[in-house]
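Residues per chain, in single letters:
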Amino acid sequence: MSWDNVRPAFIKAALELQNRGYEILYWVVWNKNELVNNKMQFKRTQFHWHDEAVHLIPPPEIDESEFAPPGEDLIERLYEIESVLVTMKQFYKLSGSMLAKKHLFHRLIQYWYGVINKFKPEIVFFSGYPHTVFDYTVYCLAKFLKIKVIMFVYSGITDRYLLISDFKEGSVALREEYLRNQDKQFKAEDLSPDLQKFYKWHLDNQTGEIPPEIKKSLKKLSGVNKLFLKFRVIIKSFYDLSFFKKLVGYIAKEIGPNMKKEYEALQAVP
């Protein structure tokens, strides 16, 4: 699910699995332009473009009508999925009225429950946490049907990833390692060379005090970029007639309580 089909490491991992005798049955990919090359390398794999999966558009090779609608018993047993999905922004965008939300949920269950029953996977891989409407549905259905789940979660430290099977539980191995080492003393020299480099980089006030992804966001939201962003919001608000409503809300937020004030009230100089 949402497995990259462009970057060499992801392709290499899939090819290695295939070479070891694993059959990659169904692959939701990020890049539509690479599908021709992907299909040549993985001839027995059903590909599904991520953007179409998000909008619940099946790939041309699959007829959604062949999957039976979910029965009342199944829907009742999957109530927890529905209660989480309705809180997701994408679900809100895809649906409208309460009746439309129900219909969308039933279609999600019909399609992905049908896909799982058709392909009968032994393992479902996620390249990260399932956080969109379709992949969260697949994750919950896999758990419901007792199919093994493997997720690759980035630790935020160099190239280290954690393998987990349940995002609520997190990494069991990391927790066990933490408990085993919590009373021990370590020095920076005990780290591997690449982690020592990473650690020292973060101690460097000139280059390492701000993580790269934060620097990228700061650049996007400062100076001329911030001005253009604000300008686009203003122009759009004139078009949709929400300018004065937004202006009043902005002033109220600046004068009254807001998240920035709450954060600054709790922060302390280290």
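Residues numbered from 1 in each chain as written. Predicted model: local features only at pLDDT ≥ 70, side-chain atom pairs only at ≥ 80, totals over all residues. Heavy atoms only, no water.

### A short note on the overall build of the chain
Reasoning step 1: When helices and strands are counted, the chain shows 14 helices and five strands.
Reasoning step 2: Against the compact-globule benchmark of 18 Å for 270 residues, the chain has a radius of gyration of 23 Å, which places it well outside the compact range.
Reasoning step 3: Considering only C-alpha atoms, the chain reaches an extent of 60 × 60 × 40 Å along its principal axes.
Reasoning step 4: Burial analysis of the chain (270 residues in total) assigns 30% to the buried set. (Helix = DSSP H or I, 4+ residues; strand = E, 2+ residues; numbered from the N terminus. Rg over C-alpha atoms; globule rule 2.2 N^0.38 Å. Buried < 20%, exposed > 50% of the residue type's maximum accessible area, 1.4 Å probe, protein only.)

### A short note on a positive patch on the surface
Reasoning step 1: The grouping of Lys-226, Lys-230, Lys-253 and Lys-260 at the surface amounts to a positive patch.
Reasoning step 2: Assignment of secondary structure puts Lys-226 in helix H12 (residues 223-239). (Patch = residues over 30% accessible without salt bridge, like charges linked within 9 Å, V, L, I, M, F, W, Y side chains within 5 Å. Areas by Shrake-Rupley, 256 points an atom, 1.4 Å probe, with all protein chains shown as cover. Salt bridge = Lys/Arg side-chain N within 4 Å of Asp/Glu carboxyl O. Lys, Arg positive; Asp, Glu negative; His and termini not counted. Charge placed at Lys NZ, Arg CZ, Asp CG, Glu CD.)

### Brief notes about the environment of Leu-25
Reasoning step 1: Mapped onto the elements of the fold, Leu-25 is located in the loop between helix H1 (8-19) and strand E1 (26-29).
Reasoning step 2: Overall, Leu-25 belongs to the partly exposed group, its relative accessible area being 21%.
Reasoning step 3: Between the C-alpha atom of Leu-25 and that of Phe-42, which follows or precedes it by 17 residues, the distance is 9.4 Å.

### A word on the sheet that holds strand E4 (residues 148-154)
Reasoning step 1: What the three strands build is an open sheet, ordered E3-E4-E5; its pairing is mixed. In this open sheet, the two strands that pair with only one neighbour each are strand E3 (123-126) and strand E5 (161-164). On average, each strand axis in the sheet is tilted by 15° relative to the strand beside it, whichever way the strands run.
Reasoning step 2: Taken together, the four bridges between E3 and E4 define a ladder with parallel strand orientation. Note that in E4 the partner of Phe-125 across the bridge is Ile-150. (Pairing = 2+ DSSP bridges. Axes fitted to C-alpha atoms, helices over the stretch in contact; angles between N-to-C directions.)

### Let's talk about the packing of aromatic side chains
Reasoning step 1: In the structure shown here, the tally under the stated rule is 18 aromatic pairs.
Reasoning step 2: Ring plane angle 75° and centroid distance 5.1 Å describe the contact between Trp-27 and Phe-42, whose orientation is recorded as edge-to-face. Here Phe-42 lies in the loop between helix H2 (35-41) and strand E2 (46-49) and Trp-27 lies in strand E1, a separation of 15 residues in the sequence. A single burial state applies to Trp-27 and to Phe-42, both of which are buried. (Phe/Tyr/Trp six-rings, centres within 6.5 Å; stacked < 30°, edge-to-face > 60°.)

### A closer look at the nonpolar core
Reasoning step 1: In terms of nonpolar packing, the biggest core is built from 38 residues, with Met-1, Leu-85 and Trp-112 touching the most fellow members.
Reasoning step 2: In this structure, Ile-24, Leu-35, Phe-42 and Phe-47 belong to the second largest nonpolar core, which totals ten residues. (Core = buried A, V, L, I, M, F, W, Y, C linked by side-chain atoms within 4.5 Å.)

### Quick word on the environment of Val-29
Reasoning step 1: Following the sequence through the fold, Val-29 ends up in strand E1.
Reasoning step 2: A sequence separation of 18 residues divides Val-29 from Phe-47, and the C-alpha atoms of the two residues are 6.9 Å apart.
Reasoning step 3: Excluding its chain neighbours within four sequence positions, the residues that come into contact with Val-29 are Trp-3, Asn-5, Leu-35, Phe-47, His-48, Trp-49 and His-50. (Contact = heavy atoms within 4.5 Å.)

### A closer look at the pairing of E5
Reasoning step 1: As paired strands, E4 and E5 are joined by four bridges and run antiparallel to one another. Paired with Met-151 across the bridge in E5 is Ile-164.

### Comments concerning a nonpolar patch on the surface
Reasoning step 1: On the surface, a cluster of nonpolar side chains totalling about 550 Å² of accessible area is made up of Phe-244, Leu-247, Tyr-250, Ile-251 and Ile-255.
Reasoning step 2: Tracing the backbone through its elements, the reader meets Tyr-250 in helix H13 (residues 243-255).

### Digging into the side chain of His-48
Reasoning step 1: By the element assignment, His-48 lies in strand E2.
Reasoning step 2: Engagement of the side chain of His-48 in a polar contact is seen with the backbone oxygen of Ile-57, the distance being 2.8 Å.
Reasoning step 3: Not counting residues within four places of it along the chain, the set of residues in contact with His-48 comprises Tyr-26, Trp-27, Val-28, Val-29, Ala-53, Ile-57, Pro-58, Pro-59, Tyr-111 and Trp-112. (Polar contact = N/O pair within 3.5 Å; in protein donor to acceptor, adjacent residues only side chain to side chain.)

### Some thoughts on the pattern of salt bridges
Reasoning step 1: Within this structure, the stated rule accounts for 14 salt bridges.
Reasoning step 2: Ionic pairing is found between Asp-73 and Arg-77, a salt bridge with its closest N-O pair at 3.6 Å. Placement of both Asp-73 and Arg-77 in helix H4 (residues 72-77) is noted, with a separation of four residues, approximately one turn of the helix.
Reasoning step 3: Assessed through its relative accessible area of 52%, Arg-77 is described here as exposed.
Reasoning step 4: Within this structure, Asp-159, Arg-160 and Asp-194 form a network of salt bridges that share partners.

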